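Chain by chain, the residues run as shown.
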Amino acid sequence: MATLTRPRTAPAHASSSKKVRNRDGLWAAFFLGPQVLGMVVFLIVPLLFAVVLAFMKWDGLGSTSWVGFDNFAAQLSSPDFGRALLNTVAIALITVPVGLTLAVLIAVALNNLKGSNVYRVLYFMPVVTSSVAVALIWQVILANDENGVLNTTLMSWFGLSGPDWLGSPSWVIVSIAVVTIWSSLGLNVVIFMAGLQTIPPQIFEASRIDGATAFQTFRRVTLPLLSPTIFFSTVVAVISSLQAFDLIYVLVDPKDNEGARTIVYHLYDLGFKKFEFGMSSAAGVLLLLLTLIVTLVQFLAQKRFVHYDS
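Residues numbered from 1 in each chain as written. Predicted model: local features only at pLDDT ≥ 70, side-chain atom pairs only at ≥ 80, totals over all residues. Heavy atoms only, no water.

As annotated in an unreviewed UniProt entry, the protein carries the name Carbohydrate ABC transporter permease and comes from Nonomuraea typhae. Quoted straight from UniProt, the Sequence similarities (unreviewed entry) entry for the protein says "Belongs to the binding-protein-dependent transport system permease family." What the UniProt record of the protein gives under Subcellular location (unreviewed entry) is the line "Cell membrane". (UniProt positions renumbered as here; feature names shortened; annotations may be inferred.)

## Let's talk about the side chain of R261
Tracing the chain through its elements places R261 in the loop between α10 (246–251) and α11 (263–272). For R261, a relative accessible area of 5% gives the class buried. Excluding anything up to four places from it in sequence, R261 contacts D80, R83, A84, N87, P254, H266 and D269. (Helix = DSSP H or I, 4+ residues; strand = E, 2+ residues; numbered from the N terminus. Buried < 20%, exposed > 50% of the residue type's maximum accessible area, 1.4 Å probe, protein only. Contact = heavy atoms within 4.5 Å.)

## With respect to the packing of helix α3 (residues 79–110) against helix α7 (residues 169–197)
Packing of α3 against α7 brings their axes to within 6 Å, and their N-to-C directions diverge by 35 degrees. Here the hand of the crossing between α3 and α7 comes out right-handed. Tallied by class, residues from the contact of α3 with α7 come to 22 nonpolar, five polar and one charged. (Axes fitted to C-alpha atoms, helices over the stretch in contact; angles between N-to-C directions. Left-handed = near helix turned anticlockwise from the far one by under 90°. Nonpolar A, V, L, I, M, F, W, Y, C, P; charged D, E, K, R; others polar.)

## Some details on the packing of α3 against helix α9 (residues 214–242)
Relative to each other, α3 and α9 sit at 145 degrees, their axes nearing to 10 Å. When you trace α3 past α9, the crossing you get is right-handed. For the pair formed by α3 and α9, the contact residues are T88, A92, T95, V96, L100, V104, L105 and V108 on the first element and F218, T222, L223, L226, I230, S233, T234, A237, V238, S241 and L242 on the second.

## Focus on the confidence of the model for the protein
Mean pLDDT for the protein: 87, with 94% of residues reaching 70 or above. The spread of mean pLDDT over the elements of the protein runs between helix α1 (residues 12–53), the lowest at 84, and helix α2 (residues 70–76), the highest at 94. (pLDDT = per-residue confidence, 0-100.)

## What to know about the UniProt feature "domain: ABC transmembrane type-1" (unreviewed entry) in the protein
Sites flagged by UniProt as "domain: ABC transmembrane type-1" (unreviewed entry) map to residues 85–298. Between the first and last C-alpha atoms of residues 85–298 the distance is 19 Å; the span itself is 78% helix and 0% strand.

## Describing the UniProt feature "transmembrane region" (unreviewed entry) in the protein
With numbering aligned to this structure, UniProt lists the feature "transmembrane region" (unreviewed entry) at residues 26–56, 84–109, 121–141, 171–194, 229–252 and 277–301. Across residues 171–194 one finds 100% helix and 0% strand; the C-alpha atoms that close the span lie 35 Å apart.

Listed below in structure tokens is the structure:
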């Protein structure tokens, strides 16, 4: 005798859970949609357009013509691109290690110091100041005339004649590095102080009980535990140094001083002054590849130097 089976129905709580997930998904799409749309329109589409344009010749108005890898070959053999690359690397080699070292030392000195929040604000003020205002102030400080604050001070106080900080191709790199370090120091100090706050104070207490000196504690305890924060700041600082433009452009016109010509200014000069958008895009793609390679090397190297809490 055949038996009748009752059709299975989904439990009420399962149906309710599915409705909640669908509703949450709709709300997520509602809030994320504008951000995703903006990223596609203002980031992904221009990036893809620049990559395609790097293989073409275009003056911005006329028709385009396909030239293949000619733009890349021209850039790699261009003395202007080579000089811009060397200047960019030189600025990065000064600003990244010096700036991060100063930030770590200041953060350690301010950690657990009474009134440290006041110092955080003071150090962070240049970060929230317009880069144009920062560049104009430092122009007055580094000027090589009777209005130059630094050279006037060196002459009146020490009898020393200062160099042409912004006019000499050699000294302008040092000047740019100093201004960049000064303007970004506060951000790194705040980040490192936040990282120090995550280290349990019991670890430092145990180190003191074991008889470790302040330097030994800094080297054996603080730096290893702070290494994830240092790694993050290093990656960000390297990328920022490779993309330096606005502060340098206002501080000293790279057109008049080849020592200040960076890769970003080089592609700006090609695209918006000479209207060689294919060449400019090729230089931009090369900068992107350089940034990706340097970042990849940093992530591969972190396995040896960065210590994460497990």
